[in-house]
Amino acid sequence: MGKQKITADLIGKKYSAAIAAYARQLGDPNLRLDFTQKADAYFRRCALGVWASSGGEVEETHVAAYNAICSGKHEPTKALYFEVATGVATAPPFAPPGFFPALVASDRVSHQDRASQFADLCNLLLLLFASVDDKVTAEEAEYVTTCVDTLKQAMQGSGVAPNPALPKVQTPAQSAPASAAEPAVEAEPAPPEPTVEELLAQLDELCGLEKVKKDVRSLINLIKIRKLRQENDLPVPEMSLHLVFLGNPGTGKTTVARLLAQLYKAIGVLPQGQLVEVDRSGLVAGFVGQTALKTQEVIQKALGGVLFIDEAYALASNDSGNDFGQEAIDTILKAMEDHRSELVVIVAGYQGPMTRFLTSNPGLESRFNKYFYFEDYTGPQLDSIFNGLCAKNGYTPEAALKDYTPGFFQTLYEERDYNFGNARDVRNLFETLVSVQSDRVAALENPSREDLMLLTLADFKQAAGETEPPEGDVSADLADVPTPALTLEGEEK
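The structure presented is a predicted model; accordingly, all values stated were derived computationally and were not measured. (Residues numbered from 1 in each chain as written. Predicted model: local features only at pLDDT ≥ 70, side-chain atom pairs only at ≥ 80, totals over all residues. Heavy atoms only, no water.)

Moving on to the overall build of the chain. Helices and strands together make up the secondary structure of the chain, namely 20 helices and seven strands. Relative to its full complement of 493 residues, the chain shows a buried share of 44%. The long-range fraction of contacts in the chain, counting pairs at least 24 apart against all pairs at least 6 apart in sequence, stands at 75%. For the chain, the exposed area adds up to about 25,000 Å²; of that, 53% sits on carbon and sulfur atoms. (Helix = DSSP H or I, 4+ residues; strand = E, 2+ residues; numbered from the N terminus. Buried < 20%, exposed > 50% of the residue type's maximum accessible area, 1.4 Å probe, protein only. Contact = heavy atoms within 4.5 Å. Areas by Shrake-Rupley, 256 points an atom, 1.4 Å probe, with all protein chains shown as cover.)

Laid out in structure tokens, this is it:
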């Protein structure tokens with residue numbers, strides 16, 4: 001079978017699936033509604049900018065693709081050729097969407113990563129728009145990269161360097177002229193880097209994961225002794241720091257990977273210790289020649305730290321003839337060889353698929369020979385995670401709810417299936433519970449501090465779907481549910 005040809009219909013399907021998948025992950029109903037109402041108009045402007053960046057002429061394929069950018073929430077666009085051509089000629093400079101600051105603010109409260117995921121969504125869709133004429137020019141690829149960098153700079157609250165195609169992002173303080181009489185403000189000193197002991201203490205504070213904690217400590221001890229032997233001119237055997245994390249979703253794999261990255265830096269085996277998290281959609285492009293470029297961009301960001309590839313088995317060839325996962329694997333393996341002292345790769349996923357994935361490729365099997373097993377959280381551990389979320393966010397479960405949750409989470413554990421999300425399911429339930437409690441408290445005339453903190457058994461049962469919501473309450477229709485990771489590789493499941 002040949003490579004899949006990019007058509008307007010294919011772009012429309014992939015775009016709609018991506019928008020729907022991302023929207024489902026937004027726990028705040030107001031934020032979700034704002035996104036779905038404004039996404040189409042925003043991404044149409046982005047498409048015009050991508051096509052303008054290469055300086056090429058507008059073709060009918062561009063018009064068809066422009067009209068296909070519709071998530072199903074509105075009437076499809078019916079723009080004519082001259083309208084699209086004029087739009088490309090006068091394309092506005094790229095800028096974050098109006099709802100982006102709300103995404104960033106929401107992440108700070110909920111400790112989610114939706115703003116970063118939106119940047120990944122932009123990267124995927126802009127590359128998809130660029131491929132409408134079956135090729136992506138170097139100018140288009142550079143433009144897309146700079147657009148994504150602009151979003152990530154905005155997440156950090158800082159501006160970006162001037163670029164011919166992009167506006168300079170300024171804060172109010174940067175926009176105002178500085179007075180010569182004003183003294184220079186000294187930058188606050190950077191916080192001290194955490195020590196190995198402090199990072200291991202953070203590891204110990206995680207719920208459960210006793211086998212993983214023991215394995216991490218053994219690994220760190222092994223690295224310490226290797227360094228001491230080197231300092232004493234003693235021989236040391238070859239050792240790979242690349243790891244395989246096996247386990248179901250929500251078992252703390254990303255959290256442990258982040259701590260390991262910092263531990264590697266604290267010990268001195270990595271210079272920076274950052275964690276770059278990605279999945280198949282962040283490495284693989286849907287058209288010829290771009291997967292290696294896309295994967296190399298991710299690797300460059302990870303140099304000096306850890307590249308964490310979740311659901312890595314999805315990169316394995318599906319024998320369809322239009323899959324580029326092997327190209328991503330080959331690029332990563334070469335980077336592991338070329339950057340031995342400044343790149344550690346951790347691959348993660350379900351135990352069965354990951355084992356088959358690694359044993360199917362000699363290059364993978366030889367480089368990944370250390371396995372960490374993340375077991376499902378038990379009922380008591382899920383209950384502990386729930387109570388920890390309550391305490392961390394300033395909520396107080398009533399006595400009846402405290403008595404109820406141990407049995408609830410034990411049943412949840414005993415009846416778990418392949419889709420069981422562990423701590424992720426608990427977090428999603430907690431977010432829904434907060435939304436239900438907010439609806440109840442908002443109806444009170446003068447809620448007290450205790451009212452604002454109290455979580456009732458009735459709140460919990462409604463959030464868990466065990467009771468019907470009050471009549472007229474539409475929040476249940478918008479409640480967040482566990483969803484698969486955002487991807488453009490297939491239709492919405």
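Turning our attention to the packing of helix H5 (residues 100–110) against helix H7 (residues 138–155). The N-to-C vectors of H5 and H7 enclose an angle of 50 degrees; their axes lie 10 Å apart at closest approach. Accordingly, the angle class assigned to the pair H5 and H7 is oblique. As for the relative orientation of H5 and H7, their crossing is right-handed in sense. Listed contacts from H7 to Phe100, Val104 and Arg108 of H5 are Leu151, Ala154 and Met155. (Axes fitted to C-alpha atoms, helices over the stretch in contact; angles between N-to-C directions. Parallel < 35°, antiparallel > 145°, perpendicular 65-115°, else oblique. Left-handed = near helix turned anticlockwise from the far one by under 90°.)

Strand-to-strand pairing in sheets goes through backbone hydrogen bonds, with the strands running parallel or antiparallel. In space, the five strands of this open sheet follow the order S2-S3-S4-S1-S5, with parallel pairing throughout. Whereas interior strands pair on both sides, the edge strands pair on one side only; in this sheet they are strand S2 (275–278) and strand S5 (371–374). Recorded for the sheet is a direction-independent mean angle of 20 degrees between the axes of neighbouring strands. Note that strand S1 (residues 243–247) and strand S4 (residues 343–349) share four bridges and pair parallel. Bridge pairing in S4 places Phe245 opposite Ala348. In the packing of helix H11 (residues 253–267) onto the sheet, the strands contacted are S1, S2, strand S3 (305–310), S4 and S5, and the crossing angle to S1 comes to about 160 degrees. (Pairing = 2+ DSSP bridges.)

Let's shift gears to the packing of aromatic side chains. In total, this model carries 26 aromatic pairs according to the counting rule given. When the centroid spacing of 6.2 Å and the interplanar angle of 40 degrees are considered together, the rings of Tyr42 and Phe118 count as tilted. Here Phe118 lies in helix H6 (residues 114–130) and Tyr42 lies in helix H2 (residues 29–53), a separation of 76 residues in the sequence. In this structure Tyr42 comes out as buried when scored by relative accessible area, which is 4%. The buried category is assigned to Phe118, whose relative accessible area is 0%. Members of the aromatic cluster, connected to one another through ring pairs, are Tyr15, Tyr22, Phe35, Tyr42, Phe43, Phe94, Phe99, Phe100, Phe118 and Phe129. Over the aromatic face of Tyr413 sits the side chain of Arg416, whose NZ or CZ is 4.0 Å from the ring centroid. (Phe/Tyr/Trp six-rings, centres within 6.5 Å; stacked < 30°, edge-to-face > 60°. Lys NZ or Arg CZ within 6 Å of the ring centre and 35° of its normal.)

Our focus in this paragraph is helix H9 (residues 196–205). Inspection of H9 places Val196, Leu199, Leu200 and Leu203 among the buried residues, and these make up the whole buried set. Each buried residue of H9 sits inside an arc of 100 degrees when the element is viewed along its axis, so together they form one side. Looking at H9, the residues exposed on the side facing more than 90 degrees away from the buried face are Glu197 and Glu205. Packing partners of the buried residues in H9 comprise helix H10 (210–231) and H11. (Arc of directions from axis to C-beta.)

What follows is about the nonpolar core. Grouped together as the largest cluster of nonpolar side chains are 52 residues, with contacts concentrated most on Val216, Phe245, Val256, Leu260, Tyr264, Ile346 and Phe372. By residue number, the principal contributor to this core is H11, which donates eight residues. Beyond its immediate sequence surroundings of up to four residues, Val256 is in contact with Leu203, Leu206, Leu209, Val212, Val216, Phe245 and Phe374. One finds Val58, Phe94, Cys147 and Val148 within the second-largest nonpolar core, a separate group that totals 51 residues. (Core = buried A, V, L, I, M, F, W, Y, C linked by side-chain atoms within 4.5 Å.)

Those residues of helix H4 (residues 81–89) that fall on the buried side of the exposure criterion are Val84, Gly87 and Val88. On an axial view of H4, the arc spanned by its buried residues comes to 100 degrees, and they lie on one face. With respect to the buried face of H4, the exposed residues turned more than 90 degrees away are Phe82 and Ala89.

For a regular strand, side chains alternate in direction, first toward one face of the sheet and then toward the other. Along S4, seven of the seven residues are buried, which leaves the element largely enclosed by surrounding structure. On S4, burial covers both faces: Leu343, Val345, Val347 and Gly349 on one face and Val344, Ile346 and Ala348 on the other are all buried. Strand direction decides the pairing type here: S3 and S4, joined by six bridges, are parallel. Pairing of Ile309 across the sheet is with Val347, part of S4.

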